[in-house]
Amino acid sequence: MTVQPADGLSPAAAFPDPSHDQWQSLVEGVLRKSGKEVSGSAAEEALSTTLEDGLTTRPLYTASDESPDTGFPGFAPFTRGSRAEGNAAGGWDVRQRHALTDPARLGEALLGDLENGVTSLWLTVGGPAGVPVDGLARALEGVYLDLAPVALDAPADLDAAATELLRLYEERGVARNEARGTLGADPLGHEARTGVMADLAPAVRWAKRCDAEYPGLRAIVVDGLPYHEAGGSAGEELGLSLATGVAYLRALTAAGMSVEAACGQLEFRYAATADQFLTIAKLRAARRLWARVAEASGAPAAGAQRQHAVTSPVMMTRRDPWVNMLRTTLATLGAGVGGADSVTVLPFDHALGLPDAFARRIARNTSTILMEESHLARVIDPAGGSWYVERLTDELAAAAWAFFQETERAGGLPATLRSGTVAERLAATWAARSAKLARRKEPITGVSEFPMPGERPVEREPAPDAYAGAPGGLPRVRRDEAFEALRARSDAHLAATGSRPKVFVAALGPAAAHTARVSFAVNLFGAGGIEAVHDPVSVDAHTAAGALAASGASVAVLCSSDALYAEQAELVAGALKSAGAAQVFLAGRPGEYADVDAHVFAGCDAVAVLTSVLDRMGVA
């Protein structure tokens, strides 16, 4: 029988509204069971997560969590979107990146992408990593340039690439008011990557020409990726992109352009990571902050930021690259919900070299599924009104604005780039994050957690690097780099000897006592490319020596319960040492056991442990 509520009666009316204090009391009870005696706000803090930029994610958000008025989509401060209809008017622009140097191969790839869901093209032109300028016409054969916007990336020769693209528009009869895309001028971004002092004059010249002759073209990209790829936090990426945009505004207005016209020549590029809520908040905060800049510049109506989101290169892994499909899906979801105008999904094999056709297909279909099958683009500002998202947006915006002001007080972005201040700040942020990665506080699936050392590596044709051999500039980091170095040592050992370095897993007692710590140890050592030999299932002081010899390992790890450690650890460790074990680890928190050299446990510095083990094994 279904009971219908009376008119005007809420289905929840019979239930009392719980208070925040009641919720905290329940949390205290749960924590007490896990051995934590905390109460009040301390109980809530125990479940909070510390983020970069001094932010904290709390376990509960309510209507009492205040945030500034976000306005309406399409209106200042544009937090809820730069357009009134948001992405609900057809979704976001699916922009595929291409860095092929052969015009014929590039042309084939471009047509294949456009025929299967891609709506704009991001092309590297000129230099060692791009199609030659004189090959651009061949690469764009068959492309309807009035329908498919082109975004250029021409770090080697902006003038030549932009001139050639505009020539193709004229040659193919594309009306000037129908040309769409961006010329990609970003001299400060190029300086950040290379250390070569920026000349803003060409970017200003092209911006003035686009403003006068090509109303649908933008000349300049404010690229946050150099700072993200150098290890910067979300707040640092936002703050430095603001400083970049302001530097361009100053140059453009000094050349005679109005603030409105200058803002219209800028497109902002941001990284989208697998942290979907942080990505959503970052894009929303970016629009709000740029609206504030436009307002302070006397043109509040010009503050609608054009955004291009790119799935993070930093999060892409070389081992188990298939997991990158999941990472980019989450990143694209965050970018779409966050209101990005264009989204580039990097193929899952991006970190390995040039993507193949399958990888490009998966990349473009990621956006298609989210828009067409998940209906993500049918709602304007889907995250709007979420107490958590609104609060995170506000806190991230405040952190980014503070860093932007700090940069401006130091003389602006050009000055801080050249003084090394930016590099030092980003290096400190990356060092702190690297410590979390090394301790697996920030796990990397397939790399630091659940690795598959025996899986055959995926191989790709090497991708040319536009910035290879650059004299300076910011570094480019990856989350997997420390573990990748360990795995590379293991691969070299395998190639030289025919086998991987091994560790013997000495499990004590029944499976119920040792399974959890055996799984932990196999995971830990596998992250360094060290093969775990767990045979036999269990050993004791009498069988350990023979099992070690049969395993071919020179390092062993004891795995069992604390109770069995107290009974057997010293005896088994002694037997292993007598049999020639160079090093004996114990899986568990540090304790005093004779002949146990070191302990491995959740939160230990995995990179340091694995490095020392490979060193001791003589793995070069």
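Residues numbered from 1 in each chain as written. Predicted model: local features only at pLDDT ≥ 70, side-chain atom pairs only at ≥ 80, totals over all residues. Heavy atoms only, no water.

### A short note on the overall build of the protein chain
Helix and strand counts for the protein chain come out as 21 helices and 15 strands. Taking 620 residues into account, the globule formula puts the C-alpha radius of gyration at 25 Å, and the protein chain, at 28 Å, falls close to it. Along the three orthogonal principal directions, the C-alpha set of the protein chain runs to about 85 × 70 × 60 Å. When the 620 residues of the protein chain are sorted by exposure, 51% land in the buried category. For the protein chain, contacts bridging at least 24 residues in sequence account for 76% of all contacts bridging at least 6. Working note: accessible area of the protein chain is about 26,400 Å², and carbon and sulfur atoms make up 54% of it. (Helix = DSSP H or I, 4+ residues; strand = E, 2+ residues; numbered from the N terminus. Rg over C-alpha atoms; globule rule 2.2 N^0.38 Å. Buried < 20%, exposed > 50% of the residue type's maximum accessible area, 1.4 Å probe, protein only. Contact = heavy atoms within 4.5 Å. Areas by Shrake-Rupley, 256 points an atom, 1.4 Å probe, with all protein chains shown as cover.)

### Re the sheet that holds strand S7 (residues 217–223)
Sheet architecture is closed into a barrel: eight strands sit in the order S3-S4-S5-S6-S7-S8-S9-S10, paired in parallel fashion. Averaged over all neighbouring strand pairs, the angle between strand axes comes to 25°, with direction disregarded. Both strand S9 (residues 307–311) and strand S10 (residues 342–344) contribute to a ladder of three bridges, which runs parallel. Paired with His-308 across the two strands is Ser-342, which belongs to S10. Sitting on the sheet, helix H7 (residues 201–213) is in contact with strand S6 (181–185) and S7, with an inclination near 140° to S7. The strands touched by helix H9 (residues 234–254) within the sheet are S7 and strand S8 (266–272), with S8 carrying the most contacts at an inclination of about 170°. (Pairing = 2+ DSSP bridges. Axes fitted to C-alpha atoms, helices over the stretch in contact; angles between N-to-C directions.)

### Examining the state of the cysteines
All told, the structure shown has zero disulfides when counted by the stated rule. Take Cys-559: it sits in no disulfide, and the sulfur closest to it among the cysteines is that of Cys-604, at 12 Å. When its relative accessible area of 0% is taken as the criterion, Cys-559 is described as buried. (Disulfide = S-S within 2.5 Å.)

### Details of the nonpolar core
Here is a general trend for soluble globular proteins: nonpolar side chains tend to be buried in one another's company. The biggest cluster of nonpolar side chains holds 114 residues, and the ones touching the most others in it are Leu-123, Leu-140, Tyr-169, Ile-220, Tyr-227, Leu-266 and Trp-290. Ranked by residue count, the leading element in this core is H9, at 10 residues. If you look at the next biggest cluster of nonpolar residues, it comprises 55 residues, including Val-477, Tyr-565, Val-613 and Met-617. (Core = buried A, V, L, I, M, F, W, Y, C linked by side-chain atoms within 4.5 Å.)

### Details of unusual backbone geometry
Omega for the bond connecting Ala-76 with Pro-77 falls within 30 degrees of zero, at 10°, which places this linkage in the cis form. The backbone of Asp-53 sits at a positive phi, close to 65°, despite the residue not being glycine. Considering the arrangement of structural elements, one finds Asp-53 in the loop between strand S1 (49–50) and strand S2 (56–57). One non-glycine residue, Asp-381, lies in positive phi territory at about 50°. Locating Asp-381 in the fold gives a position in the loop between helix H13 (357–373) and helix H14 (387–409).

### Quick word on the pairing of S7
In terms of burial, S7 is a largely internal element, six of the seven residues being buried. As judged from the four bridges shared by S7 and S8, these two strands associate in the parallel manner. Bridging across to S8, Ile-220 finds its partner in Leu-266.

### Topic: the side chain of Ser-490
Along the chain, Ser-490 turns up in helix H17 (residues 481–497). Those residues in contact with Ser-490 that lie beyond four places of it in its chain are Arg-500, Pro-501, Gly-528, Gly-529 and Val-619.

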